[in-house]
Amino acid sequence: MKRLLLLTTLALLPLFVSAADDPGYTLRLKDHRYQPSVLHIPANTRIRLEVINQDASPEEFESSDFPAEKIVMPNSRMSLFIGPFKPGRYGFYGDFHQPTAQGSLIVE
Ligand SMILES: [Cu+2]
């Protein structure tokens, strides 16, 4: 019985390891612009993206090229998981300040 429990635990372990191993990247919003505005990330990998909003108004991280839509409050941060992506260029923007809040992911 104990042996069975151990095997079950070991079988589940890779799930947790893989979640902890998701590489993390950070974008900052300042003056309604993304910094950096171009982010290089690896292909075929799910990544954790942290968005830090240093502006005094809310923003919404959003894309038309991949599923993502999440609000980040003023002077706050949020994170979301995106990908995995095939190699290429994927745009994202801030839905509330689209004229300036534009960026791209370069997946390679
Ligand atoms: Cu939106």
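Residues numbered from 1 in each chain as written. Predicted model: local features only at pLDDT ≥ 70, side-chain atom pairs only at ≥ 80, totals over all residues. Heavy atoms only, no water.

### Overview of the coordination of the copper ion
Stage number 1. At 1.8 to 2.4 Å from the copper ion lie its protein donor atoms, namely E60 (OE), E62 (OE), E69 (OE) and D95 (OD).
Stage number 2. Because the angles between the four donor atoms bound to the copper ion fall within 89 to 155 degrees, the donor set is best described as irregular.
Stage number 3. Each donor residue of the copper ion belongs to the same chain, and together they define the spacing E-x1-E-x6-E-x25-D.
Stage number 4. Classification of E62 as buried rests on a relative accessible area of 12%. (Donors = N, O, S within 2.8 Å, 3.2 Å for Na, K, Ca; no water. Tetrahedral: all angles 85-135°; square planar, octahedral: opposite > 155°, others 65-115°. Buried < 20%, exposed > 50% of the residue type's maximum accessible area, 1.4 Å probe, protein only.)

### With respect to the environment of N75
Stage number 1. Along the chain, N75 turns up in the loop between β6 (69–72) and β7 (76–82).
Stage number 2. With near-sequence residues (within four places) excluded, N75 lies in contact with N53, Q54, D55 and A56. (Helix = DSSP H or I, 4+ residues; strand = E, 2+ residues; numbered from the N terminus. Contact = heavy atoms within 4.5 Å.)

### Thoughts on the nonpolar core
Looking at soluble globular proteins, one finds that nonpolar side chains tend to be buried together.
Stage number 1. F61, F66, I82 and L105 are the most contacted members of the largest nonpolar core, which totals 22 residues.
Stage number 2. Counting only elements with at least two residues in this core, the list comes to β1 (24–30), β3 (38–41), β4 (47–53), β7, β8 (88–94) and β9 (102–107).
Stage number 3. For L105, the contacting residues outside a window of four places in its chain are L39, I41, F66, I82, F85, G88, R89, Y90 and F92. (Core = buried A, V, L, I, M, F, W, Y, C linked by side-chain atoms within 4.5 Å.)

### Topic: unusual backbone geometry
Stage number 1. Cis geometry is adopted by the peptide bond preceding P36, which originates at Q35 and carries an omega value of -5 degrees.
Stage number 2. Looking at the element boundaries, P36 is found in the loop between β2 (33–35) and β3.
Stage number 3. Positive phi values are uncommon outside glycine, yet D31 reaches one of about 55 degrees.
Stage number 4. Inspection of the secondary structure puts D31 in the loop between β1 and β2.
Stage number 5. Given the relative accessible area of 53%, D31 is considered exposed.
Stage number 6. Positive phi is not limited to glycine here, since N75 has a value of about 50 degrees.

### Regarding the packing of aromatic side chains
We describe a pair of aromatic rings using the distance from one ring centre to the other and the angle between the two ring planes.
Stage number 1. This model, assessed by the stated rule, comprises six aromatic pairs.
Stage number 2. With centroids separated by 4.9 Å and ring planes inclined at 85 degrees, the aromatic side chains of Y34 and F92 adopt a geometry described as edge-to-face. Placement of the pair is Y34 in strand β2 and F92 in strand β8, with a sequence separation of 58 residues. For the pair Y34 and F92, a shared accessibility class is recorded, and that class is buried.
Stage number 3. Considering the side-chain rings of F85 and Y90, the 4.8 Å spacing of their centres and the 45 degrees angle between planes classify their relative orientation as tilted. For the pair F85 and Y90, a shared accessibility class is recorded, and that class is buried.
Stage number 4. Members of the aromatic cluster, connected to one another through ring pairs, are Y34, F61, F66, F85, Y90 and F92. (Phe/Tyr/Trp six-rings, centres within 6.5 Å; stacked < 30°, edge-to-face > 60°.)

### Notes on the sheet that holds β1
Stage number 1. Here four strands make up an open sheet; going across it, the order is β2-β1-β4-β7 and the pairing mixed. A single partner strand is all that each edge strand has here, and the edge strands are β2 and β7. Neighbour-to-neighbour, the strand axes of this sheet turn through a mean angle of 25 degrees, independent of strand direction.
Stage number 2. Sheet topology note: the β4/β7 ladder contains seven bridges and is antiparallel. Bridged to E50 within β7 is S79. (Pairing = 2+ DSSP bridges. Axes fitted to C-alpha atoms, helices over the stretch in contact; angles between N-to-C directions.)

Coordinates in, geometry out; function isn't part of it.
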